[in-house]
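An overview of the molecular structure
Below, each chain spelled out in residue letters.
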Amino acid sequence: MAFRWMVSYAVILLIPVILSIIIYSQTREIVEYEIKRASSAMLQQVRYIVDGELQQTESLATQLSIQPEFKKWLNGPSADHPYLTYQTKQELGNLLATHDFIKGIYLYSNKLGTVLSGDTYADARLFFELQHATSSYSYEEWLDMMQTEHAGSYITLPVEIQGRKTVTPAYIRSLPMQVDGTPAGTLLFPLHNEKIRTLLENIDWVKQGQVFIMDERNQVLFQNGDDSEFASLSEPWELEGTGTFTRSFDGIPSMVTIEASDTTGWRYVSVFPTEVFWERARTIQTLNGLGLLLCFLIGGAVIYYFARKNYDPVKQLVSVFAKGQSGHAGADADEYSFIQRSVLETIRERDDMSNKQTQQLRVLQHYYLARALKGQADRSIPLSELSRTYHLQWTSERFGVLLFYIESDASDVRVLDMAQFIVSNILADFVPNHLAVRFTDVDGTLAAVVNVADDSEACWKMELEDALAQAHEFIATRYKLRFTTAGSDLQTGLDGIHQAFLQALEAQEYRIVLGEGQSLWYGEVKPAKSSYFFTVNEQMILLNLLKAGDYDKAQGVIDDVVEQAFQTQASLEIIRFVLLDLATTLIKAIPDDEQTAIAWDEWRPLKRLLACTSKAEFHQELSDIRDQVCGVLRSRQNVQTQAGIGEKVTAFVQEHYGDKNLSVSLIGDHFRLSPQYVSRLFREQTGQGLHDFISQTRVQAAKSLLQEGSSIDDTAEGVGFASGHAFIRVFKKYEGITPGKYKTIN
C-alpha cells in the first residue's frame, strides 16, 4: 500500500514536470520556426537576385533578336559585310561590358557557319575547339545544338580547364526564321560563374554552411566555397519539394532549405548544420534539465517521507489481521487485498466445482449419444432412467437424427475451428422448446439427436426446417458459414437412434447430387433406376473433337454428360464412375510426347476428383482438367503454326517499312500475337532483334534515296521516320555518320 501512495504522490509531482517539458518543447518549436524562416528568407534573397539577372539576360536576348543589324549580318556576305561584322562585334562588346552577369555573347550564323562575339570572329569548328572541345563532347553535338530551334532555354555546356572537366550554364535562343523554316542563327550567353559564386559567398552564415544552385537534373551549377564541382547532388532529399526541413548531409544533421526559380527550372539549396542555430539555446536547455533534476530529487525525498509516515499505522493493522494466516499474509499487498483475497477464494472454489460438474456432465452426454448413434449403447437400462441420469430431458421414445456438413466463406481459420460450436448453439436457440435436441460429435461430424413428443410427430419435420432456415440465414450473415443438413425419418427406442443415424448418413451421401445449402431427408432421396449413359461411342466423339481442335463442340459434349449425371437422383456409384470416366477420356486426348512434360505428382487430377464430396467440387475439378488439356493442345497447335513466322515478318517489314506507324505492336496485331511473343519468335528464328531489323531496313532504303539526290527530310518521310531529327539519330547509329555526310561522300 505504501508503494501505491508513493505512485500517487509521484503522479502529482509529474504534473508540473510534464508542463515544463511541454513548455520547453514549444519553445524549441518556436526557435526552430524562426530558424527556418530566416533560412528561407536568406535563400529567397539569392533567388530574387539570380532570377532578376536571368530575366535581364532573357530581355537582352529579346532585344538582340529584333536588331536589324544582326538580321542583316546573319543573311550572309554583302558589299559592306566586313564593316557590318566589325560594327556588330563592337556592339556585342559594348553590351557585354554593361552586363557583368554574362560571361560572353556569341552569335552563330547558320548561313555563314561562323561565330561572332565581342572579342572574336571565327569559323564554327575553330570556335568550338577553342571554347568547348572535350573528350566527351563532339563538334557534331555542339553544331546540332546550335542549329536546332530554341525558343529560349537554359543549357549546360561542358568545359575542360587545365584537365578538369566542368560545366558552364548558358542561355540559348534561336534568331528569326528564314524562308525555308530554319533558324537564321543562334544567340548563346554563357553565364558568369565567378559572379554568382561571389554572390553566394557574401550571404550571411554562408561560411558555416553550403549553398547550391542546381538544374532540372540535380546537377550542381554553382556553389560557394572552393572551385570543386559536383556532378550531381546525391542526397536522399534531392527529390524533395520546396521548403525548409531537417536532414542529414554528409553525416551531419543540417537545416536544408529549397527554393524553386520563377524563371528557370533551377533550384536553390542551402545546407547549414543545425549546431549553428542551437548554440544560444544550449544554456536554456541546460538550465531546464538541471531544474527538472532538482525537482525530481526534492520531490522524491518528500514522497518517501510522507508515504512512510502514513503507512506505519496501516502496517500495524495488517499485522493484527494476519495472525494465524502466516502462510497467506505475505502474499497480500495491503489489508484491502487481504479481504479481497478471502472473498475471491470462496467464490472461485464454488465456481470451479460448478464448472467441473457441468463439463463432466457434457462429456458424459456426448459419450453416451455417440455410442447410441453407433449402436453401442447399453440397452438394458430404460430410456426414462437414462434421461434422468444424463439430464437429457427426453419425453418420448420417438427419435430422429440430423447430420451437418459445414463450410466457411470467411478467411479467418478460427471461425471454421469453432464451426460446430457456433452452429449447435445458434440452432438450439431457434428450435421450439417441445423438441429436445442434443448435439454431439461423431468422427468429426456434427450430429443432433432430436426427441419428438407424441403430439408433435405430424409437424416436427416442418418445425425443424423452419428453425434450420432461420439459423442458416443468421450464421451465413454473421459468421460466413454454410451448412447442409441430412435428416432421418422417425424411429422408436434406443435401437431406433442407431437406425436413424444410418438413414441420415445415407441421405448425406446425396449431397453430391442435390447440392449444398439445403435440407436432405432420407424419405425424399431414394435413387431412381438408371443405366451407364457415357458410352464408348461418346468417348470417341469427345476424343476426336479435342484432337481436331473443335473445343466448343467438345465443351458441349462435356456439359451434356455432367448435366445428365446431376439432373436425376441416379445411383451415386454410377455418377462417380461416369465423372471419373469423363476425366480419363479428357486426359487421353493429351499426346504421348506431351504427357512426359506434365508434373503428374503435383497435378494428381484423378485423386483430386475422387476426393470431391459435392456437386460444385466435381464441376470445379472437371473444369480444371478440361482447361489443362485444352491448354496443352492449343500450345502444341500454336508451335506448329508459328514455325515460319520469321520469314513472314521479314516480308511484312520489307513491304511496309515506309509506314510511320510500323512497330512491333503493329506487327503483333497483324499476326494475332503479342508484341513480346512475336519479337521473341523473330529473334529465335532469325538471330536478330525485330526493332533493329525495322530500323536497318529503313536505313538501307534511305541510302538508296540519298544517292538519288533526295533531301534529308524527304528521305526521312519516305522511309517511315516521324521526323528528320529521329532519322539523323538512327542513321548515325547504324552507319557511323550523319545522312548529310553520307550524301556528300556519295
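The present account deals with the structure reproduced in this document. The structure displayed is predicted, hence computed values, not measured ones.

1. Digging into the overall build of the protein chain
Helix and strand content of the protein chain: 30 helices and 17 strands. Long-range pairs, those at least 24 residues apart, make up 63% of the contacts in the protein chain with a sequence separation of at least 6. Accessible surface, the protein chain as shown: approximately 41,600 Å² in total, 53% of it carbon and sulfur.

2. Focus on the sheet that holds strand 7 (residues 210-214)
Read from one edge to the other, the open sheet built from 5 strands follows the order 8-7-11-10-9, with strand pairing classed as antiparallel. Since the sheet does not close on itself, it has two edges, and those belong to strand 8 (220-223) and strand 9 (243-249), each with one partner. Averaged over all neighbouring strand pairs, the angle between strand axes comes to 25 degrees, with direction disregarded. Bridge count between strand 10 (residues 252-260) and strand 11 (residues 267-273): 7 bridges; the pairing is antiparallel. Across the sheet, residue Ile258 finds its bridge partner in strand 11, namely Val269. The strands touched by helix 6 (residues 193-201) are strand 7 and strand 8; relative to strand 8, the strand with the most contacts, the crossing angle is about 55 degrees.

3. Section: the packing of aromatic side chains
Under the defined criterion, the tally for this structure stands at 20 aromatic pairs. On the numbers, 5.6 Å between centres and 65 degrees between planes, the contact of Phe731 with Tyr742 is edge-to-face. Of this pair, Phe731 sits in helix 29 (residues 724-735) while Tyr742 sits in helix 30 (residues 739-745), placing them 11 residues apart in sequence. Given a relative accessible area of 0%, Phe731 falls into the buried group. On the basis of relative accessibility, which here comes to 9%, the residue Tyr742 falls in the buried class. An aromatic cluster of at least three residues, connected via ring pairs, comprises Tyr106, Tyr108, Phe127, Phe128, Tyr137, Tyr139 and Trp142.

4. Some thoughts on the pattern of salt bridges
As enumerated under the stated definition, the model contains 6 salt bridges in all. Across the salt bridge formed by Arg398 and Glu457, the nearest N and O atoms sit 3.2 Å from each other. Here Arg398, found in strand 12 (residues 398-408), pairs with Glu457, found in the loop between strand 14 (445-452) and helix 14 (460-479); they are 59 residues apart in sequence, far enough to count as distant. Residue class for Arg398 comes out partly exposed when judged on its relative accessible area of 22%. Note that Lys703 is salt-bridged to Glu735, the shortest N-O span being 3.7 Å. Of the two residues, Lys703 sits in helix 27 (residues 690-707) while Glu735 sits in helix 29, which places them 32 residues apart along the sequence. Judged by relative accessible area, Lys703 falls into the buried class, the value being 16%.

5. Notes on the side chain of Ser109
Mapped onto the fold, Ser109 is located in strand 1 (residues 106-109). Contacts of Ser109, omitting those with residues within four sequence positions, involve Trp73, Leu74, Thr114, Ala184 and Gly185.

6. A closer look at helix 4 (residues 124-131)
For helix 4, the complete set of buried residues consists of Ala124, Phe127 and Phe128. Viewed along the axis of helix 4, the buried residues span an arc of 100 degrees, placing them on a single side of the element. Of the surrounding secondary structure, the elements contacted by the buried residues of helix 4 are strand 1, strand 2 (114-116), strand 3 (121-123) and helix 5 (139-147). Between the side-chain oxygen of the N-cap and the backbone nitrogen of Arg125 there are 3.0 Å, and the N-cap of helix 4 in question is Asp123.

7. Focus on the packing of helix 4 against helix 5
One way to put it is that helix 4 packs onto helix 5 with a least axis distance of 10 Å and a crossing angle of 115 degrees. The orientation of helix 4 relative to helix 5 falls into the category roughly perpendicular. The two elements helix 4 and helix 5 cross, and the hand of that crossing is right-handed. Residues Ala124, Arg125, Phe127 and Phe128 of helix 4 touch helix 5, and the partners they reach there are Tyr139, Glu140 and Trp142. For the contact of helix 4 with helix 5, the per-class residue count stands at 5 nonpolar, no polar and 2 charged.

Basis of the calculations
Residues numbered from 1 in each chain as written. Predicted model: local features only at pLDDT ≥ 70, side-chain atom pairs only at ≥ 80, totals over all residues. Heavy atoms only, no water. Helix = DSSP H or I, 4+ residues; strand = E, 2+ residues; numbered from the N terminus. Contact = heavy atoms within 4.5 Å. Areas by Shrake-Rupley, 256 points an atom, 1.4 Å probe, with all protein chains shown as cover. Pairing = 2+ DSSP bridges. Axes fitted to C-alpha atoms, helices over the stretch in contact; angles between N-to-C directions. Phe/Tyr/Trp six-rings, centres within 6.5 Å; stacked < 30°, edge-to-face > 60°. Buried < 20%, exposed > 50% of the residue type's maximum accessible area, 1.4 Å probe, protein only. Salt bridge = Lys/Arg side-chain N within 4 Å of Asp/Glu carboxyl O. Arc of directions from axis to C-beta. Polar contact = N/O pair within 3.5 Å; in protein donor to acceptor, adjacent residues only side chain to side chain. Parallel < 35°, antiparallel > 145°, perpendicular 65-115°, else oblique. Left-handed = near helix turned anticlockwise from the far one by under 90°. Nonpolar A, V, L, I, M, F, W, Y, C, P; charged D, E, K, R; others polar.

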